[in-house]
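Read off the chains here:
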Amino acid sequence: MMRIEVLALAVLVGVATWAFRSLPMRFDLSGLRPEGGLSRLLGATGPAAIAALFVASILPLVAGGQGLPFWGGSAAVIALWLWRRSVVLATLGGALAFGLLSLV
Amino acid sequence: MTDQPSTFWGGLGAAVPVALGYFPIAFSFGVAATRAGFSPAEAMVFSTVMYSGAGQFLGITLVSGGVPLLVSVITLVAMALRHVIYGPTVLKAAGADARTRFAPFWGFWLTDEVFGAALGELARGQRFSERFMAGLGFGAWAAWGSGTLLGALAGGGALAAYPAVEAGLGFMLPALFLALLLSILSRAQVPVIAVAGLVTTGVTLAGSPTAGILLGMLAGALAGLARKGAA
């Protein structure tokens, strides 16, 4: 089974992601002034998007009375990130800490 | 490794730590996708074509929540914008060895972790080559795809015997976002992050989580544009 909207979403986002990852190496962006408007907008969009998504993803947890697992899981993510600087390790460790604390 | 330092196989070897981390996250993505009503084929299209962990987890939420396709695309594309600096940063670290002939090919595999692993290898004296980058990228992508396939085939009930792991699935996405946020955090981005977070919270609490995400992103990006001086 393959829904058309799932396929369309994967292909459209996949093409955009490919373009973001590959094309800046073709077009020399080093000439882009770091203090220029486009540089600032490009530089801010990623962090803004991730911050918005992080907040949106935690609001239901906090509102749903999962405060302890949330704070414990978040602390584990931050501690593991500071320790190893690995996104993968911090994610897995944070999720495991959340899981363990939600059983308490 | 000093005579043949920069082969495809060398890159594949450097991918092992990334692959070991990717596999369980991809497995849990496969399980979560199945639970949200995705078929194994749909989960695999997400993992192989979209190939962006945070985007995929959010994508299954958006699709199962009935969010309009255009809104989902805008949200996920805005999230993916962070990748634009990865390629040029790796090339800068590669110095005189930098080549881009096959960049459209291996560039697709430049995820957050592959980018981090590439920078780490180059900092430890690894010489850059496009073959090495292809091996590193392919290894991570293959682990992501195979983990997804096994998770999707195992199905939604696969983790019932492991309640802590199953409960942890609910925090996989927030944990991934938080880790990504930490990885790109700089002093210049603090106002951007604060504005995006506050606007998202306000609009979401006022009743619309989808509008909250979009307006939060927009407000944060504009806060970055409005900022004078430092990059």
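Residues numbered from 1 in each chain as written. Chains lettered and ligands numbered in written order. Predicted model: local features only at pLDDT ≥ 70, side-chain atom pairs only at ≥ 80, totals over all residues. Heavy atoms only, no water.

### Regarding unusual backbone geometry
Here's step 1: In this model, R85(A) sits at a positive phi of 55°, which is unusual for a non-glycine residue.
Here's step 2: Classification of R85(A) as exposed rests on a relative accessible area of 55%.
Here's step 3: Non-glycine residue Y51(B) carries a positive phi angle of around 45°.
Here's step 4: Here Y51(B) is to be found in the loop between α3 (40-50) and α4 (53-64). (Buried < 20%, exposed > 50% of the residue type's maximum accessible area, 1.4 Å probe, protein only. Helix = DSSP H or I, 4+ residues; strand = E, 2+ residues; numbered from the N terminus.)

### Overview of the layout of surface pockets
Here's step 1: The computed volume of the second largest pocket comes to approximately 620 Å³.
Here's step 2: Around the second largest pocket, the lining is made up of 25 residues, and of these S57(A), F57(B), L58(B), T61(B) and L173(B) lie nearest the centre.
Here's step 3: When residues of the lining of the second largest pocket are traced back to their parent elements, those giving at least two are α2 (37-63) of chain A together with α2 (16-35), α4, α10 (163-183) and α12 (209-226) of chain B.
Here's step 4: Sort the elements by how many residues they give to the lining of the second largest pocket and α4(B) lands first, with six residues. (1 Å grid on protein atoms, 1.4 Å probe; cavity = no way out; pocket = protein on both sides within 12 Å on 5 of 7 lines; lining within 4 Å. Points joined across faces, edges and corners; volume = space filled by probe spheres on them.)

### Thoughts on the packing of aromatic side chains
Here's step 1: If you walk through the whole model with that rule in mind, you get 16 aromatic pairs over all chains.
Here's step 2: Arranged with centres 6.3 Å apart and planes meeting at 80°, the rings of F70(A) and F171(B) form a pair that is edge-to-face. Linking F70(A) in helix α3 (residues 67-84) with F171(B) in helix α10, this pair reaches from one chain into another.
Here's step 3: Its relative accessible area of 0% is what places F171(B) among the buried residues.
Here's step 4: An angle of 45° between the planes, with centres 5.9 Å apart, marks the rings of Y51(B) and F108(B) as tilted. With Y51(B) in the loop between α3 and α4 and F108(B) in the loop between α7 (103-106) and α8 (112-123), this residue pair connects regions lying 57 residues apart in the sequence. (Phe/Tyr/Trp six-rings, centres within 6.5 Å; stacked < 30°, edge-to-face > 60°.)

### Here we look at the environment of E121(B)
Residues and elements named next belong to chain B.
Here's step 1: Tracing the sequence through the fold places E121 in helix α8.
Here's step 2: Along the chain, E121 and G11 lie 110 residues apart, while their C-alpha atoms are 9.5 Å from each other.
Here's step 3: Those residues in contact with E121 that lie beyond four places of it in its chain are A14, Q126 and F132. (Contact = heavy atoms within 4.5 Å.)

### Observations concerning the domain arrangement of chain B
Residue and element names in this part refer to chain B.
Here's step 1: We note that the domain assignment places domain 1 (8-184) and domain 2 (185-231) within chain B.
Here's step 2: At the interface, nine residues of domain 1 touch eight residues of domain 2.
Here's step 3: Note on domain 1 versus domain 2: buried area summed over both sides is about 630 Å², and carbon and sulfur give 78% of it.
Here's step 4: Three residues, T75, L181 and I184, lead the burial of domain 1 against domain 2; their summed loss comes to 49% of the area buried on that side.
Here's step 5: The tally of links from domain 1 across to domain 2 stands at zero salt bridges.
Here's step 6: Of all the secondary-structure elements, those providing two or more residues to the side of domain 1 that touches domain 2 are α5 (69-80) and α10.
Here's step 7: The greatest single-element share of the side of domain 1 that touches domain 2, amounting to four residues, is contributed by α5.
Here's step 8: For the side of domain 1 that touches domain 2, the class distribution of residues is seven nonpolar, two polar and no charged. (Domains from an automatic or database assignment. Buried area = accessible area lost by both parts, 1.4 Å probe. Salt bridge = Lys/Arg side-chain N within 4 Å of Asp/Glu carboxyl O. Nonpolar A, V, L, I, M, F, W, Y, C, P; charged D, E, K, R; others polar.)

### What to know about the side chain of S47(B)
All names here are of chain B.
Here's step 1: Along the chain, the position of S47 falls in helix α3.
Here's step 2: Of note is the side chain of S47, whose polar atom sits 2.9 Å from the side chain of Q56.
Here's step 3: In this structure the side chain of S47 is engaged in a polar contact, spanning 2.6 Å, whose partner is the side chain of T148.
Here's step 4: The contact partners of S47, leaving out residues within four places of it in the chain, are F29, Q56, W141, W144 and T148. (Polar contact = N/O pair within 3.5 Å; in protein donor to acceptor, adjacent residues only side chain to side chain.)

### Describing the packing of helix α11 (residues 190-205) of chain B against α12(B)
Residues and elements named next belong to chain B.
Here's step 1: Relative orientation of the contacting elements α11 and α12 amounts to 155°, with a least axis distance of 7 Å. What the angle tells us is that α11 and α12 run roughly antiparallel. Our pair here, α11 against α12, has a crossing hand that is right-handed. Contacts between α11 and α12 involve V192, V195, A196, V199, T200, V203 and T204 from the former and P209, A211, G212, I213, L215, G216, A219, G220, A223 and G224 from the latter.
Here's step 2: Among the residues forming the contact of α11 with α12, the class breakdown is 11 nonpolar, six polar and no charged. (Axes fitted to C-alpha atoms, helices over the stretch in contact; angles between N-to-C directions. Parallel < 35°, antiparallel > 145°, perpendicular 65-115°, else oblique. Left-handed = near helix turned anticlockwise from the far one by under 90°.)

### Side note on α2(B)
Here's step 1: A rise of 1.5 Å per residue sets the reference length of α2(B), with its 20 residues, at 28 Å; its end C-alpha atoms lie 29 Å apart and thus fit the reference within 8%.
Here's step 2: Roughly 25° is the biggest bend found in α2(B), and it falls at Y22(B), with proline P24(B) one to four residues downstream.
Here's step 3: Elements in contact with the buried residues of α2(B): α4 (87-102) of chain A together with α3, α4, α8, α9 (130-154) and α10 of chain B.
Here's step 4: Positive phi shows up at G37(B), right after α2(B), with a value of about 95°. (Expected span 1.5 Å × (residues − 1). Bend = angle between axes of the 7 residues up to and from the residue.)

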